[in-house]
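Take a look at the letters that make up each chain.
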Amino acid sequence: DAGVTQSPTHLIKTRGQQVTLRCSPKSGHDTVSWYQQALGQGPQFIFQYYEEEERQRGNFPDRFSGHQFPNYSSELNVNALLLGDSALYLCASSLVAGTNYGYTFGSGTRLTVV
Amino acid sequence: AQSVTQLDSHVSVSEGTPVLLRCNYSSSYSPSLFWYVQHPNKGLQLLLKYTSAATLVKGINGFEAEFKKSETSFHLTKPSAHMSDAAEYFCVVSEGTGNQFYFGTGTSLTVIP
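Scope of this entry: the structure provided in the associated data block. What you see is a predicted model, and the numbers here were worked out from it, not measured in a lab.

About the thresholds
Residues numbered from 1 in each chain as written. Chains lettered and ligands numbered in written order. Predicted model: local features only at pLDDT ≥ 70, side-chain atom pairs only at ≥ 80, totals over all residues. Heavy atoms only, no water. Salt bridge = Lys/Arg side-chain N within 4 Å of Asp/Glu carboxyl O. Buried < 20%, exposed > 50% of the residue type's maximum accessible area, 1.4 Å probe, protein only. Helix = DSSP H or I, 4+ residues; strand = E, 2+ residues; numbered from the N terminus. Contact = heavy atoms within 4.5 Å. Pairing = 2+ DSSP bridges. Axes fitted to C-alpha atoms, helices over the stretch in contact; angles between N-to-C directions. Phe/Tyr/Trp six-rings, centres within 6.5 Å; stacked < 30°, edge-to-face > 60°. 1 Å grid on protein atoms, 1.4 Å probe; cavity = no way out; pocket = protein on both sides within 12 Å on 5 of 7 lines; lining within 4 Å. Points joined across faces, edges and corners; volume = space filled by probe spheres on them. Nonpolar A, V, L, I, M, F, W, Y, C, P; charged D, E, K, R; others polar.

## Focus on the pattern of salt bridges
- Overall, the coordinates contain 7 salt bridges over all chains when judged by the stated rule.
- The partner of Arg 57 of chain A in a salt bridge is Glu 54 of chain A, with the nearest N and O atoms 3.1 Å apart.
- Classification of Arg 57 of chain A as partly exposed rests on a relative accessible area of 28%.
- Two residues, Lys 78 of chain B and Asp 85 of chain B, come together in a salt bridge whose shortest N-O distance is 2.8 Å. The same class applies to Lys 78 of chain B and to Asp 85 of chain B, which are both buried.

## Regarding the environment of Gly 16 of chain B
All names here are of chain B.
- Looking at the element boundaries, Gly 16 is found in the loop between strand 2 (10-14) and strand 3 (19-21).
- Considered as a pair, Gly 16 and Ala 86 are 70 residues apart in the sequence and their alpha carbons are 13 Å apart.
- Ignoring anything within four residues of it in the chain, the contact list for Gly 16 reads Pro 79, Ser 80 and Ala 81.

## Here's the deal with the sheet that holds strand 1 (residues 5-7) of chain A
Residues and elements named next belong to chain A.
- If you trace the 4 strands from one edge of the open sheet to the other, you get 1-3-8-7, paired in antiparallel fashion. If you trace the sheet from one side to the other, it starts and ends with strand 1 and strand 7 (64-68), each paired once. The sheet shows a mean angle of 20 degrees between the axes of neighbouring strands, taken without regard to direction.
- As judged from the 5 bridges shared by strand 7 and strand 8 (residues 74-78), these two strands associate in the antiparallel manner. Its bridge partner lying in strand 8, Gln 68 is registered against Ser 74.

## Considerations on the packing of aromatic side chains
- Taken as a whole and judged by the stated rule, the model has 20 aromatic pairs over all chains.
- Relative to Phe 103 of chain B, the ring of Phe 90 of chain B lies with its centre 6.1 Å away and its plane at 80 degrees, an arrangement referred to as edge-to-face. You can see Phe 90 of chain B sitting in strand 10 (residues 87-94) and its partner Phe 103 of chain B sitting in strand 11 (residues 102-103), a full 13 residues away along the chain.
- Pairing Phe 101 of chain B with Phe 103 of chain B gives two aromatic rings, centres 6.4 Å apart and planes at 55 degrees, and the pair type is tilted.
- Given the relative accessible area of 1%, Phe 101 of chain B is considered buried.
- Here a set of aromatic residues connected by ring pairs shows up, and it is made of Tyr 35, Phe 45, Tyr 103 and Phe 105 of chain A together with Phe 34, Tyr 36, Phe 90, Phe 101 and Phe 103 of chain B.

## Let's talk about the layout of surface pockets
- Taken as a whole, the largest pocket encloses approximately 420 Å³ of empty space.
- In terms of lining residues, the largest pocket is bounded by 21 residues, among which Leu 88 and Arg 110 of chain A together with Gln 38, Pro 40 and Asn 41 of chain B are the most central.
- In terms of residues, the lining of the largest pocket owes the most to one element, strand 10 of chain B, which gives 3 residues.
- For the lining of the largest pocket, the class distribution of residues is 6 nonpolar, 12 polar and 3 charged.

This is the structure:
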């Protein structure tokens with residue numbers, strides 16, 4: 001049973017560029033959440049997608065956007081990259097009715113902005 | 001508003017001795033509480049969860065945690081540390097179905113042989 005799959009695993013981008021990160025949720029899950037984990041910090045909530053719509057959003061600028069596809073997979077897009085966007089980006093999936101039972105996290109995409 | 005405070009950024013124990021990782025939370029409603037573990041270059045793995053059932057929660061790999069509402073605490077314990085327990089541990093609070101998770105800043109556990 002595949003868990004949450006994220007791609008790519010590592011990425012290096014230049015300031016000002018745009019990046020797209022991808023996530024396939026665990027089989028049977030319908031909700032995808034994205035988190036940013038800066039070095040030495042706990043993950044911070046970016047947003048959550050359910051039924052192809054953004055349902056909740058954390059304190060992140062509009063440069064961060066996302067999408068959910070009919071097969072529940074999701075993308076995270078970041079425009080106009082800043083050095084401070086360098087972080088581990090984690091995707092988490094769940095059943096919307098069961099998020100209080102915990103998420104399943106992927107291994108993340110390590111983004112480095114130079 | 002929800003928040004989590006992990007009281008120790010680093011904990012070091014000898015192999016075979018007890019582990020105690022401390023967590024205090026703030027929540028306006030009845031929270032769901034979790035402990036996750038993160039090994040280097042790995043994703044987050046759920047250790048255990050509290051969702052308003054029994055206050056003493058047992059998780060994987062011998063870990064357990066006790067929900068104490070009066071103290072707003074959810075400390076993680078293990079009777080005997082193993083080398084493989086060395087990792088980063090995160091305490092997490094959520095206010096129910098569909099709501100975002102709020103993570104603490106993490107506690108790095110070192111196990112000394």
